[in-house]
Amino acid sequence: MIYDVRQTTSYAYASKVAYAHHLLRLTPIDRAGQRVQAAALDIQPAPVHRREGRDFFGNRLTWIDLAEPHDRMVIKVAARIAVESADAPAPDATPAWEAVRDEVFAAIDIGPTSPAHFLFASRQVSLDPEIRDYVRESFPAGRPILAGALDVMRRIKADFTYEIGATTVTTTPPMSFALRRGVCQDFAHIMISGLRGVGLPAAYVSGYLRTGNEAAPGLQGADAMHAWVWVWCGREAGWFGLDPTNALLAGDDHLVVAIGRDYTDVAPIGGVVFASGRQRIDEAVSVTPVG
C-alpha cells in the first residue's frame, strides 16, 4: 500500500517570539516493511539555521533556529510512503512469555533495536505495581507471548475510555491508569509499563494511522499523530506492533515516524521559545492511499 501523508502543525503565540530553538521528529525513514519514496519538511518563518541528523534509535531529527520575531509558526510535512507489513505469526505459535523474558535478560546485543533498551523504567514510563498486576493477568504460566500481549491490548481497549482532554502529554501511566481514560499516548504508556513490569520488552511508536479507512471505520487517533506499542516476541519472531487504542495489530494502516522508550524519545516537536503568554496548537493530518 502506498500513502500520501500530509500534516500541518500551527503554533499561535499570544506575544511575539523573539527567538526559538526547536527539535523536530517529523520526517519518516525507511524501516522494515516501510519505504519512504519522498519526504519534505517546510517551516515558516524560515529558520536561520537548520541541521539534520539521527538519534541512537535511527529516528530522523531536525534542529532549527528561528531568529525573526514571529507570533505564528507553521510546520508542514509531505511524504509518500509505501508500506508492506509482514504477516504476524499465529499467536499460539510464538514462544512462552517466560522463555522470552529469560532470553532478553541473557541478551548481549546493545544495538538500536536490541530489546535490552526497552525493558526497564524510562523517563515517562515507571514500573507501577498496579499496572504490572493488571497486565500479569494476561500471562498465565506457559502462555505464548503474542497471545498474552494481544489479550492485554484488547483488555485496555475494553476497560479504558478514549477521551481527548482527559490527560496531557505529561500525564504519567499510574495517573491515566487510575482515571481509566486518556488517548493513544496514555494507552501505549500503560501497556508498556505493564509489559516491562513482568519482564517483557516493549517500545513506544509514533506515526500515522490511515484516515478515512472504509475497511475499518471509526479508528480512534487517525486525525492526529498516533501512538502504539512494539512488543518483542523473541529472537526468531522479532518485534510486532500492537495498537491498544483500537485493539489492532499494527499493519498496512500504520505508518511509523519514530521509535523510542516512551513519548519523550519520539516527541514530534520540542524546544524553547523566548516569549510570554500562552500558545495555541492546531494539527491536521491526512493519510490517503494512492496505490
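For the structure itself, look to the data block above.
Here's a quick rundown of the structure.

Calculation notes
- Residues numbered from 1 in each chain as written.
- Predicted model: local features only at pLDDT ≥ 70, side-chain atom pairs only at ≥ 80, totals over all residues.
- Heavy atoms only, no water.
- Pairing = 2+ DSSP bridges.
- Helix = DSSP H or I, 4+ residues; strand = E, 2+ residues; numbered from the N terminus.
- Axes fitted to C-alpha atoms, helices over the stretch in contact; angles between N-to-C directions.
- Phe/Tyr/Trp six-rings, centres within 6.5 Å; stacked < 30°, edge-to-face > 60°.
- Buried < 20%, exposed > 50% of the residue type's maximum accessible area, 1.4 Å probe, protein only.
- Lys NZ or Arg CZ within 6 Å of the ring centre and 35° of its normal.
- Parallel < 35°, antiparallel > 145°, perpendicular 65-115°, else oblique.
- Contact = heavy atoms within 4.5 Å.
- Nonpolar A, V, L, I, M, F, W, Y, C, P; charged D, E, K, R; others polar.

## Re the sheet that holds strand 3 (residues 34-44)
Okay, step 1: Strand order in this open sheet of four strands is 3-6-1-15, and the pairing throughout is antiparallel. Each of the sheet's edge strands pairs with one partner strand only, and the pair in question is strand 3 and strand 15 (279-289). Pairwise comparison of adjacent strand axes, ignoring direction, gives a mean angle of 10° for this sheet.
Okay, step 2: Across 11 bridges, the pairing between strand 1 (residues 2-17) and strand 15 is antiparallel. Bridge pairing in strand 15 links Asp-4 to Thr-288.

## Regarding the packing of aromatic side chains
Okay, step 1: Summed over all chains, the structure comprises 13 aromatic pairs.
Okay, step 2: Between Tyr-11 and Tyr-13, the aromatic rings sit 6.2 Å apart at their centres with planes inclined by 20°, giving stacked as the arrangement. Tyr-13 shares its class with Tyr-11; the two are buried.
Okay, step 3: Ring pairs connect the aromatic residues Phe-56, Phe-57, Phe-118, Trp-230 and Trp-239, which therefore count as one cluster.
Okay, step 4: Note that Arg-51 overlies the ring of Trp-63, its terminal NZ or CZ placed 4.0 Å from the centroid.
Okay, step 5: Sitting over the ring of Phe-177, Arg-180 keeps its end group 4.3 Å from the ring centre.

## Here's the deal with the packing of helix 2 (residues 129-136) against helix 5 (residues 184-197)
Okay, step 1: Packing of helix 2 against helix 5 brings their axes to within 8 Å, and their N-to-C directions diverge by 80°. In terms of their interaxial angle, helix 2 and helix 5 are classed as roughly perpendicular. In this structure, helix 2 contributes Ile-131, Arg-132 and Val-135 to the contact, and helix 5 contributes Ile-190, Ser-193, Gly-194, Leu-195 and Gly-197.
Okay, step 2: Its residues assigned to classes, the contact of helix 2 with helix 5 shows four nonpolar, three polar and one charged.

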